[in-house]
Amino acid sequence: MPSLGEIHTGEMNRRVARGRWASIAAEFGMLTGPEVDSKVGPNSPPAGCLAAKRQILGVVTRAGRVLYPGFQFDPESGRARPMIAVIASIGLAGGWKDRHLLQWFCSPNGYLSGDRPVDVLDDPDRLIFAAHSDLDLVW
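What counts and how
Throughout this description, residue numbers start from 1 for each chain and increase along the sequence as written. pLDDT decides what is reported in this predicted model: residues at 70 or higher carry local features, side-chain atom pairs at 80 or more are listed and counted, and totals for whole chains, interfaces and linings draw on all residues regardless. The side-chain numbers reported here are obtained from all heavy atoms of the structure, hydrogens and water having been left aside. In this text, helices come from DSSP runs of H or I with a minimum length of four residues, and strands from runs of E with a minimum of two, each type numbered from the N-terminal end. Under the scheme applied here, a residue whose accessible area is under 20% of the maximum for its type counts as buried, over 50% as exposed, and between as partly exposed, the area being computed with a 1.4 Å probe on protein chains only. Throughout, a contact is declared for two residues whenever any of their heavy atoms are within 4.5 Å. The Shrake-Rupley method, run with a 1.4 Å probe sphere, supplies the accessible areas, and residue values consider only the shown protein chains as cover. Helix axes are fitted only over the stretch in contact, all axes being lines through C-alpha atoms; the angle between N-to-C directions runs from 0 to 180 degrees. An angle below 35 degrees is treated as roughly parallel, one above 145 as roughly antiparallel, one from 65 to 115 as roughly perpendicular, and anything else as oblique. Less than a right angle of anticlockwise turn of the near helix away from the far helix marks a crossing as left-handed, whereas a clockwise turn marks it as right-handed. We call Asp, Glu, Lys and Arg charged. Ala, Val, Leu, Ile, Met, Phe, Trp, Tyr, Cys and Pro are nonpolar, and the rest, Gly among them, are polar. To form a nonpolar core, buried Ala, Val, Leu, Ile, Met, Phe, Trp, Tyr and Cys residues must be joined to one another through side-chain atoms within 4.5 Å. Planes of paired rings set the category: under 30 degrees apart is stacked, over 60 is edge-to-face and the rest tilted, where pairs are Phe, Tyr or Trp rings (Trp by its six-membered ring) whose centres lie within 6.5 Å. Two N or O atoms count as a polar contact when they lie within 3.5 Å, although within protein this holds only if one can serve as hydrogen donor and the other as acceptor, and sequence-adjacent residues are included solely when both atoms are side-chain atoms.

Caption draft 1: Summary view of the overall build of the protein chain. In terms of helices and strands, the protein chain carries six helices and three strands. Starting at the N terminus and ending at the C terminus, the protein chain contains elements arranged as α-β-α-α-β-β-α-α-α. Split into buried and exposed, the 139 residues of the protein chain put 39% on the buried side. Excluding contacts between residues fewer than 6 apart, the proportion of contacts in the protein chain whose partners are at least 24 apart in sequence is 55%. As displayed, the protein chain offers around 8300 Å² of accessible surface, 56% of which is attributable to carbon and sulfur atoms.

Set out below in structure tokens:
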């Protein structure tokens, strides 16, 4: 039987995770598959295929839906940002799941002088350095 402290810690962790999820959704939007399909256009594979090929991140919700963080798409063209696939590949090799990569992208990073990876998507050298420094290791 878990102790009262273990129960409290588990509930606190769930609240923190829900808060992070809500913050990411508010800042970037979390798109459904059809919304991604509309954004990337008819000449692109559907969202599920893009996620299966690790070209974008698809995160499963508690309700079992797959949502796609909006920062992965160029705001002008709607296309998936190429750096997402690069970082997803590095993360996959290190054993990271999409939900963990989502948090990595949206958290301040010491290898980026406190910037978040999501804020330096247009600086591939810095982003790849930070990804290898963090994601090559599985804790």
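Caption draft 2: How the structure looks around the packing of helix α4 (residues 82-93) against helix α6 (residues 124-135). Direction vectors running N to C along α4 and α6 enclose 20 degrees, while the axes themselves pass 9 Å from each other. Classified by the angle their axes make, α4 and α6 are roughly parallel. Crossing angle aside, the handedness with which α4 passes α6 is right-handed. Counting all contacts with α4, which are made through Met 83, Val 86, Ile 87, Ile 90 and Gly 91, the residues of α6 involved are Pro 124, Leu 127, Ile 128, Ala 131, His 132 and Leu 135. The residue inventory of the contact of α4 with α6, partitioned by class, reads nine nonpolar, two polar and no charged.

Caption draft 3: Expanded view of the nonpolar core. With 25 residues, the main nonpolar core has Phe 71, Ile 87, Trp 104, Phe 105 and Leu 135 as its most contacted residues. Of all the secondary-structure elements, those providing two or more residues to this core are α4, α5 (98-105) and α6. At five residues, the largest contribution of residues to this core is made by α4. Residues in contact with Leu 135, not counting those within four places in the same chain, are Ile 87, Ile 90, Gly 91, Gly 94, Trp 96, Leu 101, Trp 104 and Ala 130. Counting nine residues, the second-largest nonpolar core is a separate cluster that includes Leu 31, Val 36, Val 40 and Ala 51.

Caption draft 4: Geometry of the environment of Gly 78. Looking at where Gly 78 falls in the secondary structure, it is placed in the loop between β3 (66-69) and α4. For Gly 78, a relative accessible area of 6% puts it in the buried group. In the structure, Gly 78 is positioned 40 residues away from Ser 38 in sequence and 8.8 Å away in space, judged by C-alpha atoms.

Caption draft 5: The arrangement of the packing of aromatic side chains in detail. Tallied over the full model, the rule gives four aromatic pairs. Ring plane angle 75 degrees and centroid distance 5.2 Å describe the contact between Phe 28 and Phe 71, whose orientation is recorded as edge-to-face. Taken together, the residues Phe 28 in helix α1 (residues 4-28) and Phe 71 in the loop between β3 and α4 connect sequence positions 43 residues apart. Relative to Phe 105, the ring of Trp 104 lies with its centre 5.3 Å away and its plane at 75 degrees, an arrangement referred to as edge-to-face. Residues Trp 104 and Phe 105 agree in their burial class; the two are buried. A network of ring pairs unites the aromatic residues Phe 28, Phe 71, Trp 104 and Phe 105 as a single cluster.

Caption draft 6: How the structure looks around the side chain of Asp 98. As for its position among the elements, Asp 98 is in helix α5. The exposure class of Asp 98 is buried, given its relative accessible area of 10%. Only 2.4 Å separates the side chain of Asp 98 from the side chain of Arg 54, close enough to count as a polar contact. Residues within four places of Asp 98 in sequence aside, it is in contact with Arg 54, Ile 56, Leu 57, Gly 58 and Val 59.

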